[in-house]
Amino acid sequence: MIDKTTRSLEDVLAQISDGARIMIGGFGTAGQPAGLIDGLIETGAKDLVIINNNAGNGDYGLAKLLKTGAVRKIICSFPRQSDSWVFDELYRAGKIELELVPQGNLACRIQAAGMGLGAVFTPTGYGTLLAEGKETRHIDGKDYVLEYPIKADFALIKAFKGDRWGNLVYRKSARNFGPIMAAAADVTIAEVSEIVELGALDPEHIITPGIFVRHVVKI
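All of these numbers come straight from a predicted model, not from anything done at the bench.

## Let's talk about helix α2 (residues 34-43)
Here α2 has its buried residues at Ala34, Gly35, Leu36, Ile37, Gly39 and Leu40. Of the surrounding elements, those touching the buried residues of α2 are α1 (9-13), β2 (21-24), β3 (48-51), α3 (62-67), β9 (152-162) and β11 (185-195). Positioned one or two residues after α2, glycine 44 has a phi angle of 80°, which is positive.

Below, the structure written as structure tokens:
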């Protein structure tokens, strides 16, 4: 019997080792798996590479993880906003590396990994510092930059409901990066508010099918 649900957050997160590449869902705090992040902090894993939309808010969730010093590098689109003081302090002190990726490119490159593509050509970034050292092409009258997929060892995402097969549904805008990150990581761990019986989820409403999910944890 397939059962991807678990009550032991510690056991699930124990497989994350030093140096892991981890995608963390969320658009700001919307859809951010704060429970999984707190559990990750407890593991003591360090030298991590984090892929996220931004670089944390206040002292919550992702910012809390950054503050521990466990993150070596972050790949994101919005490293600075009014409450990004944790990242600002680390970056100015030279304690964290930043790879800046335009948001559309971030989504596209994660999708490319999930789809098994070798690379994609995108017009975003052409003619800017972000295109320096990258292959460019003129296609059908437009200029493009070659970008490679962004993959991860783990994806930590948040969904609204899940079943024991790992099928997931999301709540409104909290969906954001969750579905594409789930497809682009070797191991996806989903934090859910409710675990329902198999068959309780309307198949037409399932956004992330269980094939992309390894573990479902109710938090």
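## Describing helix α5 (residues 103-115)
Across its 13 residues, α5 extends 18 Å between first and last C-alpha, which sits within 8% of the 18 Å expected from 1.5 Å per residue. Of the residues making up α5, those classed as buried are Asn105, Leu106, Arg109, Ile110, Ala112 and Ala113. In a view along the axis of α5, the buried residues occupy a sector of 155°, so they form one face of it. Residues Gly104 and Met115 are exposed on α5 and point more than 90 degrees away from its buried face. Count one or two residues on from α5 and you reach glycine 116, which has phi positive near 75°.

## So, the nonpolar core
Counting residues in each nonpolar core, the largest one holds 31 residues, and the members touching the most others are Ile16, Ile22, Ile50 and Leu65. The leading source of residues in this core is α3, at four residues. If near-sequence neighbours (up to four positions away) are discounted, isoleucine 16 is found in contact with Ile22, Leu40, Ala45, Phe154 and Leu156. Listed in part, the 25 residues of the second largest apolar core include Val101, Ala152, Ile180 and Val192.

## With respect to the packing of aromatic side chains
In total, this model carries one aromatic pair according to the counting rule given. Centroid distance phenylalanine 87 to tyrosine 91: 5.5 Å. Interplanar angle 20°. Geometry classified as stacked. With a gap of four residues between them, phenylalanine 87 and tyrosine 91 both fall in helix α4 (residues 85-92), about one helical turn apart. Under the relative-accessibility criterion, phenylalanine 87 is labelled buried at 2%.

## Some remarks on the pairing of strand β4 (residues 71-76)
For β4, a buried count of five out of six residues is recorded, marking the element as mostly surrounded by other parts of the structure. In the sheet, β3 pairs with β4 via four bridges, with the strands oriented parallel. Opposite valine 49, over in β4, you have lysine 73 as the bridge partner. Considered for its hand, the β-α-β crossover made up of β3, α3 and β4 is right-handed. Pairing geometry for β4 and strand β5 (residues 97-100), over four bridges, is parallel. Residue lysine 73 lies in a different strand from β5, and its bridge partner there is glutamate 97.

Rules of the game
Residues numbered from 1 in each chain as written. Predicted model: local features only at pLDDT ≥ 70, side-chain atom pairs only at ≥ 80, totals over all residues. Heavy atoms only, no water. Buried < 20%, exposed > 50% of the residue type's maximum accessible area, 1.4 Å probe, protein only. Helix = DSSP H or I, 4+ residues; strand = E, 2+ residues; numbered from the N terminus. Contact = heavy atoms within 4.5 Å. Expected span 1.5 Å × (residues − 1). Arc of directions from axis to C-beta. Core = buried A, V, L, I, M, F, W, Y, C linked by side-chain atoms within 4.5 Å. Phe/Tyr/Trp six-rings, centres within 6.5 Å; stacked < 30°, edge-to-face > 60°. Pairing = 2+ DSSP bridges. Right-handed = clockwise from strand over helix to strand, strands pointing away.

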